[in-house]
Amino acid sequence: MAAGVIAALVIAFFIFASLYTDWLWFDQLGFANVLTTGWIAASVMFLIGFFAMAVPVYLSIALAFRARPVYAKLNSQLDRYQQVIEPLRRLAMIGIPAVLGLFAGVATSSRWPVALQWLNRTPSGETDPQFGLDISFYLFELPFYQSAVAFASAVVLISGIATLATCYLYGAIRINGREVRISKPARIQLAILAAVYLAVQAVSIWLDQYATLVQSSSDLLVGASYADVNAVIPGRAILAGIAAIVAVLFIVTAVIGRWRLPIVGTALLIVSSLLIGSVYPWIVQRFQVAPSVRSVEAPYIERNIEATRAAYDVADVEEQRFDPSTDTEAGALRNDAETTANIRIIDPALVTRTFAQLEQFRQYYQFAPQLDVDRYEIDGKVQDTVIAVRELNLDGLGGANNFYNRTFVYTHGYGVVAAFGNQRSAEGLPVFLQSGIPSDGALGSDFEPRIYFGEQSPPFSIVGAPEGSRPVELDFPSGSEEGAENATTTYAADGGPTLDNVFKKVLYAIKFQSEQIFLSDAVNDESQILYDRDPKQRVQKVAPYLTLDSDAYPAVVDDKVVWIVDGYTTSDNYPYSDVKQLSNAIVDTYTPTPAYAIDNINYIRNSVKATVDAYTGEVTLYAWDEEDPILQTWQKIFPTSVVPISEMSGDLLSHVRYPADLFKVQRQILSTYHVTDSDSFFSSDDAWITPNDPTESAATAEFQPPYYLTMQVPGSEESNFSLYTTFIPQSSGEGTRNILTGYMAVNADAGGTAGEVADSYGKFTLLTLPKQDTVPGPGQVQAAFNTDTEVANQLALLARGDTEVVRGNLLTLPVGGGLLYVQPVYVQSTAETSYPILRKVLVSFGDQIGFEDTLDAALNSVFGGDSGATAGDEDVVVTPIDPAEPLDPDAPAEPETPTEPTTPTTPTTPSDSPALTAALEDARQALLDRTAAYAANDMVGAAEADEALQAAIERAIAATP
């Protein structure tokens, strides 16, 4: 007994430690109301669930026992059961309801968000097209009512089972052959329970009418179709009425004692449910809808189109016809000079190792696997930048990775590293605008450079010390001077709960399962413990109702480094809107496919922009979409957690961007729902899809990611920071064609005026290309690059020896009246410490290909020697690559100051390998033959051309020196 009590106390203390440390964390951050509201709501829901289950079950058992026949003659088997159960009867009468109540309480406690949204629901101002109810009914009320009815059904059903068991055990129900005898009290109790159960089912069936608008009964659309509107919905209303009548019949049975009427009524209900609920809708679908499905379903398809576009916030997107030019005459880009100057040639997904080799400095620092793209005003001009923060990498400490070092010494990263997106050095390295330790550059040196809260921060660190104490935290490594000591610092902000007493030390020692937190003399009264430091994790904890974007990105804002996180409010209950799996919709080259997607949505809004201070850990939530009814509802629940957009500074607004995950969901929607004509939608004659990333192998390629670029899209008056994607026809098998059918961009620039979002932010431009023209898509352009003889010869030279060629992101820009493709080409060693160096740039416009050392030279080579515009690398003088000298990306020279531009030298073509030249020419011809075969719909010819292309490539590889 004593051991059990001790064990219970230990378990209770561990639970208390977890809860109390959570409260300390939320309270320090200023979001204690979020935690306590959730606790109180969950506790109330638990009590409701517990008593709503336990009390009816207890009453059912107790009433059935009290009303048992005192002198009932039981068979021997029941006598034996009673002898076994009777000693435990009192315990069972209380224990069984209590255990069932515990399970019910746990189940209902997790539904507190549904209950609070119902209590605080906010009208949307929009109505559904079938019942005329406000959309908020489906977002907030219907889920709550369905949950309540389901719970009530379970309670009544379990109570009925408990009543039957008790009545049978104590003789109120006796079965003798075919004869069943039920005592009057048992009859009344069972009849009332049956009536209540059927009444609850009547309500459930009635609610199912409305559920048809958020469900899919066919592959054609989500929402009520013709058969649903004309058969299912009326049928469910009728069935609900029948169920209510049968419930009344059971009440009659409780009074008069005859079971015939409710039994007949129940049989009729079952037959009616089969005929009205299944057979009749099937007849309507089979004989009325199927023969004329397109015309019959047209009004409901239109409902689906309109609702889906509204739910995914693309209702205002309009198609704009775009007839791309292929004219490559000189000066063609003169009117697109600003776009051309901002073309990004630094691929943020490839240069992480380059950043690390040049700016990591110590093994205990690291950069994110994929860098971020932002823009900054440099010398009065906004520049696209590739940016990262230098974070800690405790794995790099090796043998020094002990508790003291990783907890008290190595506590934070240091500094921001940023490079121009459109520039490169003469050696192919990024041109940094902010770099070094201490951090210095165009972004200044006045901002707080220390990164205590980041994506790679340690699980926990203990910081802070009394004034005058010797600092022990490593701030940044020393310079190259002999004998120089590393700089140290002491954390001076309020970033975590304090460890100012023994009790807190014990609690956190338990939380992190480390007794050294309690024993270490490095912990003092001024110590703070920093944990849960990932920006997304912090935002998710203080705003549990948000779905977060997969990419949090850093920005230097108002003299500090902050992480910007986009938050979404979502629902899967928007009537008539198409359902998508969010985690599958955002999959691309850089976002992996989930093992199992369970996040269905059919409504999404970017309702919140959040920031996390990289030094203090402070979280600020800004109400970005103040008209969103879901956000308005949660603001009622947590009234002080979100601040209005008017409190956003102009500097912060200038770094806010349109979120990529939202854009990826919207592009998947618009690949089908750009079609607003119901007949065309039904026929899927203009369905699109995002092309696969052409830089990846066909076997493993995912969708091409959207890219951030500063450009002027057709129809706009000026260049803007934008996010774009492309579309190709949706098809499969041999008929797949990688030709461009659409180009979509959204204005991602929120402006720079404090508290005001630019009117153009979030404006879509959807260009549709002529169906009768064949405009190469990214896949075809990449194939043209790979098989061009001149390009292949030079790539073969670059890939000699211990080096390999890595192709960067293939960008598509609407300039010069047409579509320009740009791809940086990197070279890296196969050695372990290699990193990519930009060597060449590929450009395609129409049927012309340019392959030069710089983007500026490549554009000039395509557009008659003078494109009419200059790229960001126009001043770079690149030393021509000597085929006789091996490339060594591991030992680049230091960046030099650009000199006056000279005319780029045209690389020479090697002529010492006739076999290689012939093989590349054969590959080029095979590609042309394949393109012609597809254009003529000659699948046999296309297959033969594919075989010839494969053979030519194999010969070229064999002939490569």
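It should be noted that the structure appears before, not after, this text.
Structure report, in brief. Computed from a predicted structure; not experimentally measured.

1. Side note on the overall build of the protein chain
A tally of regular secondary structure across the protein chain gives 26 helices and 34 strands. Reported as C-alpha extents along the three principal axes, the dimensions of the protein chain are approximately 110 × 85 × 55 Å. With 961 residues in all, the protein chain has 51% of them scored as buried. When the accessible surface of the protein chain is split by element, carbon and sulfur atoms take 54% of a total near 42900 Å². Here the protein chain carries 57 positive and 113 negative side-chain charges, and the mean point of each set is 19 Å from the other.

2. Quick notes on a negative patch on the surface
On the surface, a cluster of negative charge is made up of Glu-126, Glu-302, Glu-306, Asp-677 and Asp-685. Turning to its location among the elements, Glu-126 is positioned in the loop between α5 (112-119) and α6 (135-169).

3. Considerations on the nonpolar core
Counting 135 residues, the largest nonpolar core has Leu-443, Ile-517, Tyr-545 and Leu-621 as its most contacted members. Each of domain 1 (42-182) and domain 2 (343-533) gives at least three residues to this core. If sequence neighbours within four positions are ignored, Tyr-545 has contacts with Tyr-568, Leu-621, Leu-631, Trp-634, Phe-638, Ser-641 and Val-642. Membership of the second largest hydrophobic core comes to 56 residues, among which are Ala-388, Tyr-707, Val-713 and Leu-810.

4. So, the packing of helix α2 (residues 32-66) against α6
Remark: α2 packs on α6, axes separated minimally by 8 Å, with the N-to-C direction vectors making an angle of 25°. Of the possible angle classes, the one that applies to α2 and α6 is roughly parallel. Judged by the twist between their axes, the crossing of α2 over α6 is right-handed. Contact with α2, carried on its side by Gly-49, Ala-52, Met-53, Pro-56, Val-57, Ser-60, Ile-61, Ala-64 and Phe-65, involves Phe-151, Ala-154, Val-155, Ile-158, Ser-159, Ala-162, Thr-163, Thr-166 and Cys-167 of α6 and no other residues of that element. Considering only residue class, the contact of α2 with α6 consists of 13 nonpolar, five polar and no charged.

5. Remarks on the side chain of Thr-122
By the secondary structure assignment, Thr-122 is in the loop between α5 and α6. Exposure remark for Thr-122: the relative accessible area of 7% places this residue in the buried category. At 3.2 Å, the side chain of Thr-122 forms a polar contact with the side chain of Thr-633. Among the polar contacts listed, one links the side chain of Thr-122 to the side chain of Lys-636, at a separation of 3.1 Å. Among all residues touching Thr-122, those that are not within four sequence positions of it are Ser-136, Phe-140, Pro-629, Gln-632, Thr-633 and Lys-636.

6. Describing the sheet that holds strand β10 (residues 430-435)
If you trace the five strands from one edge of the open sheet to the other, you get β5-β6-β9-β10-β11, paired in antiparallel fashion. The sheet is open, and its two borders are formed by β5 (372-378) and β11 (440-441), each paired with just one other strand. Docked against the sheet, helix α12 (residues 352-359) engages β6 (381-389), β9 (416-424) and β10, running at close to 60° with respect to β10.

7. Comments concerning the pairing of strand β34 (residues 848-852)
Bridge count for strand β33 (residues 837-845) against β34 is five bridges, and the pairing is antiparallel. Counterpart to Leu-842 in the pairing with β34 is Phe-851. Hairpin connection of β33 to β34: two residues between the antiparallel strands, including Gly-846 at a positive phi of 65°.

8. Focus: the pattern of salt bridges
Side-chain pairs of opposite charge can arise whenever the charged atoms involved come near each other. Scanning the model with the defined rule gives 20 salt bridges in all. A salt bridge links Lys-609 to Asp-566; its shortest N-O distance comes to 2.4 Å. Of this pair, Lys-609 sits in strand β22 (residues 603-613) while Asp-566 sits in strand β19 (residues 560-571), placing them 43 residues apart in sequence. Asp-566 matches Lys-609 in its accessibility class, with the two residues each being buried. A cluster of three or more residues bridged by salt bridges with shared partners is formed by Asp-374, Arg-375 and Asp-749.

9. Topic: helix α9 (residues 260-289)
Helix length check: α9 (30 residues) gives 40 Å between terminal C-alpha atoms against 44 Å at 1.5 Å per residue, within 8%. Remark: the principal bend of α9, roughly 30°, maps to Val-279, with a proline, Pro-281, within the next four residues. Turning to α9, its buried residues number three or more, namely Pro-262, Gly-265, Leu-269, Ser-272, Pro-281, Val-284 and Val-289. Here the buried face of α9 lies against α7 (184-211), α8 (226-256) and α10 (293-311).

10. Quick look at the environment of Ala-311
The topology assignment puts Ala-311 in helix α10. Here the alpha-carbon distance between Ala-311 and Asp-578, two residues 267 residues apart in the chain, equals 8.8 Å.

11. With respect to unusual backbone geometry
Omega for the peptide link from Ile-437 to Pro-438 comes to -5°, which places this bond in the cis form. Phi at Asp-313 is positive, roughly 60°, even though this residue is not glycine. Positive phi, normally seen in glycine, also occurs at Asp-558, with a value near 50°. The topology assignment puts Asp-558 in the loop between β18 (553-557) and β19.

12. Remarks on a nonpolar patch on the surface
A cluster of nonpolar residues, Ile-11, Ile-15, Leu-19, Trp-39, Ile-40, Val-44 and Ile-48, forms a patch on the protein surface that exposes about 640 Å² of accessible area. Mapped by element, the contributors of at least two residues to the nonpolar patch are α1 (2-29) and α2. At four residues, the largest contribution of residues to the nonpolar patch is made by α2. Mapping Ile-11 onto the fold places it in helix α1.

How each quantity is defined
- Residues numbered from 1 in each chain as written.
- Predicted model: local features only at pLDDT ≥ 70, side-chain atom pairs only at ≥ 80, totals over all residues.
- Heavy atoms only, no water.
- Helix = DSSP H or I, 4+ residues; strand = E, 2+ residues; numbered from the N terminus.
- Buried < 20%, exposed > 50% of the residue type's maximum accessible area, 1.4 Å probe, protein only.
- Areas by Shrake-Rupley, 256 points an atom, 1.4 Å probe, with all protein chains shown as cover.
- Lys, Arg positive; Asp, Glu negative; His and termini not counted.
- Charge placed at Lys NZ, Arg CZ, Asp CG, Glu CD.
- Patch = residues over 30% accessible without salt bridge, like charges linked within 9 Å, V, L, I, M, F, W, Y side chains within 5 Å.
- Salt bridge = Lys/Arg side-chain N within 4 Å of Asp/Glu carboxyl O.
- Core = buried A, V, L, I, M, F, W, Y, C linked by side-chain atoms within 4.5 Å.
- Domains from an automatic or database assignment.
- Contact = heavy atoms within 4.5 Å.
- Axes fitted to C-alpha atoms, helices over the stretch in contact; angles between N-to-C directions.
- Parallel < 35°, antiparallel > 145°, perpendicular 65-115°, else oblique.
- Left-handed = near helix turned anticlockwise from the far one by under 90°.
- Nonpolar A, V, L, I, M, F, W, Y, C, P; charged D, E, K, R; others polar.
- Polar contact = N/O pair within 3.5 Å; in protein donor to acceptor, adjacent residues only side chain to side chain.
- Pairing = 2+ DSSP bridges.
- Expected span 1.5 Å × (residues − 1).
- Bend = angle between axes of the 7 residues up to and from the residue.

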